[in-house]
Amino acid sequence: MATGRLSILLAVWNGAEYLPAQLDSFAAQGFAGWDLIAGDDGSTDASAEILRDFAARMAGRHRVDLVEGPRAGGTAHFLTLLTRVPEDARWAAFADQDDVWMPEKLDRAVAMLAGVPEDIPCLYCSRTLVTGPDLDNPVPSPDWTRPFGFRNALVQNVASGNTIVLNRAGLDLTRDAAAAALAVPGLPAHDWWVYQMITGAGGRVLHDDRPSLYYRQHGENQIGANRGTGAALMRAG
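K.L.:
Explain the sheet that holds strand 5 (residues 100-101) to me, and be specific about the residues and the numbers.
P.N.:
Hydrogen bonds between backbone atoms are what pair the strands of a sheet, whose relative direction is either parallel or antiparallel. Taken in spatial order, the four strands line up as 5-11-7-8 in an open sheet, and their pairing is mixed. The sheet is open, and its two borders are formed by strand 5 and strand 8 (139-140), each paired with just one other strand. Pairing of strand 7 (residues 129-131) with strand 8, which is carried by two bridges, proceeds in the antiparallel orientation. The residue bridging Leu129 from the neighbouring strand is Pro140, located in strand 8.

K.L.:
Describe in detail the nonpolar core, supporting the description with residues and values.
P.N.:
In this structure, Leu6, Ile8, Leu10, Leu23, Phe26, Trp34 and Leu36 are the most contacted members of the largest nonpolar core, which totals 36 residues. Residue assignment for this core shows that the elements contributing at least two residues are strand 1 (5-12), helix 1 (19-27), strand 2 (34-40), helix 2 (47-58), strand 4 (89-95), helix 4 (105-113), strand 6 (122-126) and strand 11 (213-216). With five residues, the top contributor of residues to this core is helix 2. The contacts of Leu6, once residues within four sequence positions are left out, are Phe31, Gly33, Trp34, Asp35, Trp91, Ala92, Ala93, Leu106, Val110 and Val165. Formed by 29 residues, the second largest nonpolar core is a distinct cluster that contains Leu9, Val67, Leu79 and Ala181.

K.L.:
Describe unusual backbone geometry, listing the residues and the values that go with them.
P.N.:
Unlike most non-glycine residues, Arg71 shows phi in positive territory, near 55°. Within the secondary structure, Arg71 sits in the loop between strand 3 (64-68) and helix 3 (74-82). At Asn137, a residue that is not glycine, the phi angle is positive and equals roughly 50°. With respect to the element layout, Asn137 can be found in the loop between strand 7 and strand 8.

K.L.:
So, the pairing of strand 1: which residues are in play, and what are the values?
P.N.:
Most of strand 1 sits inside the fold, with seven of its eight residues counted as buried. Here strand 1 runs beside strand 4; their pairing, made up of six bridges, is parallel. If you follow Leu6 over to strand 4, its bridge partner there is Trp91. Bridging between strand 1 and strand 2 involves seven bridges; their strand directions are parallel. Directly across from Leu6, in strand 2, lies its bridge partner Trp34. Of the crossover connections in this fold, the one passing from strand 1 over helix 1 to the parallel strand 2 is right-handed.

K.L.:
Help me get a handle on a nonpolar patch on the surface, residues and values and all.
P.N.:
On the surface, a nonpolar cluster with roughly 300 Å² of combined accessible area is contributed by Phe150, Leu154 and Val155. Within the element layout of this structure, Val155 appears in the loop between helix 5 (150-153) and strand 9 (165-167).

K.L.:
Explain the environment of Trp101 residue by residue, including any values.
P.N.:
When you line up the elements, Trp101 lands in strand 5. Using a relative accessible area of 3% as the deciding quantity, one classes Trp101 as buried. Remark: the alpha-carbon pair of Trp101 and Gly161, spanning 60 residues in sequence, is separated by 13 Å. Not counting chain neighbours up to four residues away, the residues in contact with Trp101 comprise Ile8, Gln22, Ser25, Phe26, Gln29, Ala93, Phe94, Ala95, Leu106, Asn162, Ser212 and Leu213.

K.L.:
Could you give me a rundown of the sheet that holds strand 3, with the residues and numbers involved?
P.N.:
Ordered by their spatial adjacency, seven strands build an open sheet running 3-2-1-4-9-6-10, and the pairing between neighbours is mixed. Here the strands that pair on one side only, and so sit at the sheet edges, are strand 3 and strand 10 (204-208). Shown here is a sheet whose adjacent strand axes are inclined to one another by a mean of 20°, direction ignored. Relative to strand 3, strand 2 runs parallel, the two sharing five bridges. Directly across from Leu36, in strand 3, lies its bridge partner Val64. Strands strand 4, strand 6 and strand 9 of the sheet are contacted by helix 6 (residues 168-182), whose axis makes an angle of about 100° with strand 9.

Analysis parameters
Residues numbered from 1 in each chain as written. Predicted model: local features only at pLDDT ≥ 70, side-chain atom pairs only at ≥ 80, totals over all residues. Heavy atoms only, no water. Pairing = 2+ DSSP bridges. Helix = DSSP H or I, 4+ residues; strand = E, 2+ residues; numbered from the N terminus. Core = buried A, V, L, I, M, F, W, Y, C linked by side-chain atoms within 4.5 Å. Buried < 20%, exposed > 50% of the residue type's maximum accessible area, 1.4 Å probe, protein only. Contact = heavy atoms within 4.5 Å. Right-handed = clockwise from strand over helix to strand, strands pointing away. Patch = residues over 30% accessible without salt bridge, like charges linked within 9 Å, V, L, I, M, F, W, Y side chains within 5 Å. Areas by Shrake-Rupley, 256 points an atom, 1.4 Å probe, with all protein chains shown as cover. Salt bridge = Lys/Arg side-chain N within 4 Å of Asp/Glu carboxyl O. Axes fitted to C-alpha atoms, helices over the stretch in contact; angles between N-to-C directions.

Listed below in structure tokens is the structure:
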């Protein structure tokens, strides 16, 4: 089994209602080599206190760094977190504040990434179980049929950001470009940008057909599940 440290990049903004369940799902991961970089983007609810309590609970087992977000939207938040990944991290995973990860999520991602040469940028992503606010009525996300690659990345995002895990080469590629990307006004989505970066550089995409998390849909989702005509029109815009 592959060994090394994995940085979870968690962007938080007024997420107190669902945040504890997501943090508990991190703690329940079978893969024990994770650390957490949690950015709070100026929350006015109890999010910061919940993060501090979690850091205290994980002390001695996992490194938990609590940082200030840029307060410039979700895309800027995730790209800023990307620049904070330490040099000793072998992988990095994006995480939303309101999902719940399956216990084997990181194990599966790391196992698949281990089969790729370390000098090739690689992105792991997976399907999800799209649910209601109470994790009810789970429905699998779309099973993409078009070939993954840069041609596809120009017109469609198949890499759901809340499932993405990057290997070190992919991390270095995107982290080095993040500062320039942050200077671009209106960059629409960090996950689509990462998919384009990896494939545009000749890297690989590993898509896991098995869902790796419960993707909670509720009234405050910034983007939401990529389902239906409305979602397609929003992404086209």
